[in-house]
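# What the coordinates show
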Amino acid sequence: MTMLDLMAMLALTALGMTVGVIAAAAMFVRRQRQALMRALEDNNRQQAEAMQQMVAALTAAQQRQRQSEQQMQSLAQAALRLRQDLTALAQRVERGQTDTATDRVLH
């Protein structure tokens, strides 16, 4: 073997090692990219689920608010009717007392 042959073998060995390192690096980068894509997909899925849960919670809260508003409106109407009934009753009692007082004076 001549020196030229040894240098050629050394160059081929170095070239082979370089190709091997590049191939390993490419596989590593591909795996890292795949892992990153899976992580991003999981993150997106979790965010979508969280958003759906927030929408459901907001919808339920709005429904409870509407029900509370309806109940408050019903209570306000009932209070108004009660006030009107009490006013009418007070007026009748007052008229009844006036009629009774008039009857007493006349008799």
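This write-up is about the structure you can find in this document. Bear in mind the structure is a predicted one, so any value in this text is a computation, not a measurement.

## A short note on the overall build of the protein
Within the protein, the regular secondary structure consists of 1 helix and 0 strands. Dimensions of the protein, computed from the C-alpha atoms along their principal axes, are close to 155 × 10 × 10 Å. Out of the 107 residues belonging to the protein, those deemed buried represent 0%. Put simply, the protein shows about 9,900 Å² of open surface, and 63% of that area lies on carbon and sulfur atoms. Within the protein, the 9 negative side-chain charges are centred at a point lying 5 Å from the centre of the 12 positive side-chain charges.

## Focus on a nonpolar patch on the surface
A cluster of nonpolar side chains, Met 1, Met 3, Leu 6, Met 7 and Met 9, forms an exposed patch at the surface whose accessible area comes to about 600 Å². Checked against the element boundaries, Met 9 lands in helix 1 (residues 3-106).

## Observations regarding the pattern of salt bridges
Scanning the entire structure with this criterion turns up 2 salt bridges. When the shortest N-O distance is used, the salt bridge between Arg 45 and Asp 42 registers 3.8 Å. Taken together, the residues Arg 45 and Asp 42, both in helix 1 and 3 residues apart, mark about one turn of the helix. Owing to a relative accessible area of 41%, Arg 45 belongs among the partly exposed residues under this scheme. For Asp 42, a relative accessible area of 38% puts it in the partly exposed group. Taking the shortest distance from any N to any O, the salt bridge between Glu 49 and Arg 45 comes out at 3.3 Å. Highlighted residues: Glu 49 and Arg 45, both in helix 1, separated by 4 residues, approximately one helical turn.

The rules behind each value
- Residues numbered from 1 in each chain as written.
- Predicted model: local features only at pLDDT ≥ 70, side-chain atom pairs only at ≥ 80, totals over all residues.
- Heavy atoms only, no water.
- Helix = DSSP H or I, 4+ residues; strand = E, 2+ residues; numbered from the N terminus.
- Buried < 20%, exposed > 50% of the residue type's maximum accessible area, 1.4 Å probe, protein only.
- Areas by Shrake-Rupley, 256 points an atom, 1.4 Å probe, with all protein chains shown as cover.
- Lys, Arg positive; Asp, Glu negative; His and termini not counted.
- Charge placed at Lys NZ, Arg CZ, Asp CG, Glu CD.
- Patch = residues over 30% accessible without salt bridge, like charges linked within 9 Å, V, L, I, M, F, W, Y side chains within 5 Å.
- Salt bridge = Lys/Arg side-chain N within 4 Å of Asp/Glu carboxyl O.

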